[in-house]
Every structure is written in C-alpha cells, then in structure tokens.
Amino acid sequence: MDQNQKKEAVANAALKFVKPDTIVGVGTGSTVNYFIDGLAAMKNEINGAVSSSKASTQRLKDHGIHVYELNEVDELDIYIDGADEVTEHKHMIKGGGAALTQEKIVAAVARQFICIVDDTKRVPLLGKFPLPVEVIPMGRSYVARELVRLGGDPVYRQGVVTDNSNVILDVHNLDILDPRELEAKINNIAGVVTNGLFARRGADIVLCADENEVRQFG
C-alpha cells in the first residue's frame, strides 16, 4: 500500500469502533478525512458528530452528517483523530494542522480516544516533528524566549491563524524524554493556550497501517 492507501485502510478500520445511536468525536487532518468519508455511509446509524476544526465540520456537513457544538453534549463515546508522531506508550505530538487546542478539548470529553496513523508516524521518541504551541498573539515573543529556556528552537508559523484567532510556534530540537512533564511545563507559560503534546491524555488505542495490514496497539 502507498501512504494514501494506508490512511484509507486505517480510517476504515476505525469505523468498526463507531456504535449506533452515539455522537462521534472527529479530529482533523488527511487521515481523518478518509474516516469522515467512510462515516458518511453510516450517517443514518449515528446521532451526529462533534468536530475539532472548521475544516472537518465543513466536510461532515457536506456529507449530510449533523455537527453538534461540544457544549451541546455531555459526553462522547469515542474520538477519532490522527497524529504527527506517536510512541509505543501512546503519547503523541499533534497540531501540524494547527487544530491542537480544539483537538485536546474534544479528546478530554471522549470516553475513548482512538488514534489512526500510518507507520511513518510511529516513533521511538517524540520530537523529530516540531512541537506546535498555540499562543495568544501578544505573548508570542515572551513565550518564544521561555521555550528557548526549555532547550527548544521556536519558529513562528507565518501566515497561520488558528480557529481560536491565535498563532502557532513550532518548536524544533526538543529532547522529549518525559512528555507528560514537558506538556505541563509548556502549558504553564503565560500566553500559551496549549501545546501539541498529548501525553497526559494520550490515546487509548492506536491503529497503525503498514504495507500489509492495520495493527492495533493498546
């Protein structure tokens, strides 16, 4: 399978976790787009979806799937989303598409978080992919200086404004030996909305597609 075929295969595997008469949490990204397209065939079996981004919301609506605001629901049975990197401990870096804050909120509400990736995203140690940090605009320079103190090389993602009207700093060259600790440290910097480490609330299950099959971890 090529990479797109892997993405489609793992997205289709995630459809098996969708239960009838539930509201499905849906993430953001190219792999999730395949999941949304597959979910369209089940739209009469589910009650609707909650989305983590404007792009996913529009794709769901284009398929005739009702999209709820998260504030309208008490809980989600599952949340399906991809990752930029994921380890065997099911810790992740997310936010390449700049939707990390809403992804983190939806993941927090879901009873089960299922991460769908192809095998290029599995890593032994997080950090080769730059860590996205969503920042309130007036704090960008201050936050960047604090990230340098933590050993990173932050780069302003030019021309990108998040769905929450904030900016993104991509932090290169971080040694992420303790993802849970680093996640908390960065989130405690004044001006940070959140960062792309999903370790304190990692995935419950990782579905990973390689050249031959989809494997499940967790």
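Look above for the structure.
Criteria and thresholds
- Residues numbered from 1 in each chain as written.
- Predicted model: local features only at pLDDT ≥ 70, side-chain atom pairs only at ≥ 80, totals over all residues.
- Heavy atoms only, no water.
- Helix = DSSP H or I, 4+ residues; strand = E, 2+ residues; numbered from the N terminus.
- Buried < 20%, exposed > 50% of the residue type's maximum accessible area, 1.4 Å probe, protein only.
- Axes fitted to C-alpha atoms, helices over the stretch in contact; angles between N-to-C directions.
- Parallel < 35°, antiparallel > 145°, perpendicular 65-115°, else oblique.
- Left-handed = near helix turned anticlockwise from the far one by under 90°.
- Contact = heavy atoms within 4.5 Å.
- Nonpolar A, V, L, I, M, F, W, Y, C, P; charged D, E, K, R; others polar.
- 1 Å grid on protein atoms, 1.4 Å probe; cavity = no way out; pocket = protein on both sides within 12 Å on 5 of 7 lines; lining within 4 Å.
- Points joined across faces, edges and corners; volume = space filled by probe spheres on them.

*Asks:* So what about the environment of alanine 41? Which residues, and what values?
*Replies:* With respect to the element layout, alanine 41 can be found in the loop between α2 (30-39) and β2 (48-51). On the accessibility criterion, alanine 41 (69% relative accessible area) is exposed. The spacing of alanine 41 and glycine 159 is 118 residues in sequence and 36 Å in space, taken between C-alpha atoms.

*Asks:* Outline the packing of helix α1 (residues 3-14) against α2, supporting the account with residue identities and numerical values.
*Replies:* With their axes 8 Å apart at the nearest point, α1 and α2 run at an angle of 50° to one another. If you check the angle between α1 and α2, you find them oblique. The interaxial crossing formed by α1 with α2 has right-handed handedness. Every residue of α2 that contacts α1 at Asn4, Lys7, Glu8, Val10, Ala11 and Ala14 is listed here: Ser30, Thr31, Tyr34 and Phe35. Classifying every residue of the contact of α1 with α2 gives 5 nonpolar, 3 polar and 2 charged.

*Asks:* I'd like a rundown of the layout of surface pockets, residues and numbers included.
*Replies:* Empty space within the largest pocket amounts to approximately 320 Å³. Listed by contribution, the elements that provide at least two residues to the lining of the largest pocket are β2, α3 (54-62), β3 (67-68) and α4 (100-109). Residue composition of the lining of the largest pocket, grouped by class: 6 nonpolar, 6 polar and 4 charged. Each pocket or cavity is described by its volume, and for the second largest pocket that value is around 220 Å³. If you list the elements that add at least two residues to the lining of the second largest pocket, you get α2 and β7 (110-118). Ranked by the residues each element gives to the lining of the second largest pocket, the list is headed by α2, at 3 residues.

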